[in-house]
Amino acid sequence: MNICMGYKRFTGIGIALCLFCLCYADSFYADRREEWLRIAEENTPELLREEVVPASVVEVVADPAAFQGYRTEECGLPAAIYGIPLQNASSVIVDFGRHLTGTFSCTLNHHGRVSDAPVRLKFTFVEVPSELAASPDPWPGTLSRGWFQGEIVTVESVPATITIPRRMAFRYVKMEVLGRSPYFDFSLSSATCIATTSTVSTPEPLPASASPLIHRIDEVGLYTLRECMQTVYEDGSKRDRRLWISDLYLEVLANNYSYGNHGLTRRCLYLLAALSREDGVLHATVFEKPESHPQYGTVFLDYALLWNLTLCEYYKVTGDKSTVTDLWPVFLRQVEYALEQVDEDGLYDPSSPCWLFFDWKDKLDKQTAIQGLLIYTLREAKLLARRIGLEQRVGEYEEIIHRLSDAVLRKNYDSRTGFFLSGPSRQLSWISQVWMVLADVVTPRKG
């Protein structure tokens, strides 16, 4: 295993990193993975379940002034449609009044004569009215058509209670009758959603002096975070319902100042560590079903370093030295892996095979951004090591920080404009400036 690629030129430092790697080279964390997975499972939260019923029955109306050109108009309360034969209405739309993440159920009763044939129903779950205004088919997109939230259900006999097994993220539900016998009728008698989240606390409100807009932004942000806090921090409650490291980092930052659900953070840190690659490098994303497993082939260098920063943030609010010490080899391995991608000039090597993400922007050059993230991570590592009594393990980090900072200042800082540029094309971007400022490569005043 070539464990000192690129950074071996930093004599002394390279030797120290090599010795660390050799300690773990015989299958990284082999003696800890099973235990880490057990700890992750032990920290699986019990979901809070809330039963929610529809607030109204609505219809979708075209309106050029509305968001995406459509709005809803209330046309009755749910009680008004319960018990009415569905032969008089081929479809009905119920509005739950707010966004929900959970499972939907409804009950059908026969109306008059008993059922003599199966009933075929189509359910469509949407977040905004415009989704009901047009069919997505034929679907031209590259994301899976399976992400759309709809189910066709065949009910063998009525009365019956239907529970859609797939968890949905929605506000509106449209129910359409696709097929039934002409010799009997049936009606809807109830509809519910069991909404779920793993957080039970209520964050402190913003000061009354904050503007109404800021209050509303805070409310929506907290509500979104709450719905994404399931048995892991999810990328989204509707799509990519799994744990990604970048989302983990951002959601943990918000959780630390709101819900304080630190057990969920601990679970995610351990889950990612237990499912890391054989060389100890973290996968960017993991799944929980049918059993916990990574998405193989998804290793992003920036995500690996963001796991480190998440561990730092976790310690700042919990003081949980035991967890940090236990996961410390994973922390060091991500740094070592990142330093392998640094060239002899002290800059991230653009020819490195590592994947970088940072943002959804075509042709975005990320050399300066990853340099800043690495420097920032090294600074945070020094602070964390001092707090948990492992300073000797990162004694060389100060010299590395100096050399990485000096390299990016010499090579990528444009003194004429006062901006950092990135890569062979000398690209100017926000992301480069952000990470240089966060990494304290320049003084706060210059930043």
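Worth saying up front: this structure is predicted, and the values here are computed from it rather than measured. (Residues numbered from 1 in each chain as written. Predicted model: local features only at pLDDT ≥ 70, side-chain atom pairs only at ≥ 80, totals over all residues. Heavy atoms only, no water.)

Attention shifts here to the overall build of the protein. Each helix and strand in the protein was counted, giving 11 helices and 15 strands. Principal-axis analysis of the C-alpha atoms gives the protein an extent of 85 × 50 × 45 Å. A separation of at least 24 residues holds for 74% of the contacts in the protein among residues at least 6 apart in sequence. Total accessible area on the protein stands at roughly 21900 Å², and carbon and sulfur atoms take up 54% of it. The averaged location of the 56 negative side-chain charges in the protein is 3 Å from the averaged location of its 45 positive side-chain charges. (Helix = DSSP H or I, 4+ residues; strand = E, 2+ residues; numbered from the N terminus. Contact = heavy atoms within 4.5 Å. Areas by Shrake-Rupley, 256 points an atom, 1.4 Å probe, with all protein chains shown as cover. Lys, Arg positive; Asp, Glu negative; His and termini not counted. Charge placed at Lys NZ, Arg CZ, Asp CG, Glu CD.)

Right, let's talk about the packing of aromatic side chains for a bit. Scanning the model with the defined rule gives 19 aromatic pairs in all. Measuring from centroid to centroid gives 5.5 Å for F96 and F170, while their planes differ by 85°, and the two rings are edge-to-face. In this pair, F96 sits in strand β4 (residues 91–111) while F170 sits in strand β8 (residues 168–179), placing the two residues 74 residues apart along the sequence. For the pair formed by F96 and F170, the shared burial category is buried. A ring pair is formed by F358 and W435, whose centres lie 6.3 Å apart and whose planes are at 65°; its orientation type is edge-to-face. With F358 in the loop between α8 (321–339) and α9 (367–388) and W435 in helix α11 (residues 430–438), the pair connects residues that are 77 residues apart, well separated along the chain. Of the residues examined, W435 reaches a relative accessible area of 10% and is grouped as buried. (Phe/Tyr/Trp six-rings, centres within 6.5 Å; stacked < 30°, edge-to-face > 60°. Buried < 20%, exposed > 50% of the residue type's maximum accessible area, 1.4 Å probe, protein only.)

Before going further, it helps to examine the state of the cysteines. Applying the stated criterion to the full structure yields 0 disulfides. Of the cysteine sulfurs around C106, a residue in no disulfide, the closest is that of C193, at 12 Å. (Disulfide = S-S within 2.5 Å.)

Here α9 crosses α11 at 15°, and the two axes come no closer than 8 Å. The angle between α9 and α11 falls in the class roughly parallel. With respect to the hand of their crossing, α9 and α11 are arranged in left-handed fashion. Every residue of α11 that contacts α9 at T368, A369, Q371, G372, L373 and Y376 is listed here: I431, S432, W435, M436 and L438. (Axes fitted to C-alpha atoms, helices over the stretch in contact; angles between N-to-C directions. Parallel < 35°, antiparallel > 145°, perpendicular 65-115°, else oblique. Left-handed = near helix turned anticlockwise from the far one by under 90°.)

Remember that side chains alternate between the two faces of the sheet whenever the strand is regular. As judged from the 2 bridges shared by strand β13 (residues 413–414) and strand β14 (residues 419–422), these two strands associate in the antiparallel manner. Within β14, the residue paired with Y413 across the bridge is F420. Here 2 bridges tie β14 to strand β15 (residues 427–428), and the two strands are oriented antiparallel to one another. What sits directly across from S422, in β15, is Q427. (Pairing = 2+ DSSP bridges.)

Across a sheet, paired strands are connected by hydrogen bonds in the backbone, their directions being either parallel or antiparallel. Strand order in the open sheet made by the 3 strands is β10-β11-β12, with antiparallel pairing throughout. Sheet topology places β10 (243–244) and β12 (293–294) at the edges, where each strand pairs with a single neighbour.

As a further point, take the sheet that holds β14. Pairing in this open sheet of 3 strands is antiparallel, and the strands run β13-β14-β15 from one edge to the other. For this open sheet the edge positions go to β13 and β15, each flanked by a neighbour on one side alone. Along the sheet, helix α10 (residues 397–412) makes contact with β13 and β14, crossing β14 at roughly 90°.

Our next topic: the nonpolar core. One finds L243, W307, W328 and F331 to be the most contacted residues of the largest nonpolar core, which totals 87 residues. Sorting elements by how many residues they give to this core places α9 first, with 11 residues. Contacts of W328, omitting those with residues within four sequence positions, involve A381, L384, A385, I388, L390, R393 and V394. Among the nonpolar cores identified, the runner-up in size contains 32 residues, and V92, V155, F184 and L188 belong to it. (Core = buried A, V, L, I, M, F, W, Y, C linked by side-chain atoms within 4.5 Å.)

All right, on to helix α6 (residues 262–274) then. Given 3.6 residues per helical turn, the α-helix brings residues three or four places apart onto the same face. The end-to-end C-alpha distance of α6 is 18 Å, a good match for the 18 Å that 13 residues give at a rise of 1.5 Å each. Counting buried residues in α6 gives 10 out of 13 residues, a clear majority hidden from the surface. Among all positions of α6, only L264, T265, R267, C268, L269, Y270, L271, L272, A273 and A274 are buried. Where α6 is buried, its residues contact α2 (33–42), β10, α5 (245–256), β11 (285–287), α7 (301–318) and α8. (Expected span 1.5 Å × (residues − 1).)

With an omega dihedral of -5°, the bond running from D137 to P138 counts as a cis peptide bond. Among the secondary structure elements, P138 is positioned in the loop between β5 (119–126) and β6 (150–155). Cis geometry is adopted by the peptide bond preceding P290, which originates at K289 and carries an omega value of 0°. Mapping P290 onto the fold places it in the loop between β11 and β12. Within the chain, Y29 stands out as a residue other than glycine whose phi angle is a positive 55°. Relative to the helices and strands, Y29 is located in the loop between α1 (13–24) and α2. Y29 gets classed as buried once you look at its relative accessible area, which sits at 3%. Despite not being glycine, Q68 has its phi angle at roughly 60°, a positive value. Locating Q68 in the fold gives a position in the loop between β2 (56–62) and β3 (70–76).

This part covers the confidence of the model for the protein. For the protein, per-residue confidence averages 92 on the pLDDT scale, and residues scoring 70 or more make up 94% of the total. This stretch, residues 1–9, has a pLDDT under 50; its non-local contacts, to residues over four places away or in other chains, come to 27 contacts. (pLDDT = per-residue confidence, 0-100.)

Before going further, it helps to examine the pattern of salt bridges. Going through the model one piece at a time under the given rule, you end up with 28 salt bridges. The closest approach of N and O atoms between E234 and R167, which form a salt bridge, is 2.8 Å. Taken together, the residues E234 in the loop between α4 (212–228) and β10 and R167 in the loop between β7 (160–163) and β8 connect sequence positions 67 residues apart. Judged by relative accessible area, which is 13%, R167 ranks as buried. As a salt-bridge pair, K316 and E380 come within 3.0 Å of each other at their nearest N and O atoms. Of this pair, K316 sits in helix α7 while E380 sits in helix α9, placing them 64 residues apart in sequence. E380 gets classed as buried once you look at its relative accessible area, which sits at 11%. Within this structure, R277, D279, R333, E336 and E340 form a network of salt bridges that share partners. (Salt bridge = Lys/Arg side-chain N within 4 Å of Asp/Glu carboxyl O.)

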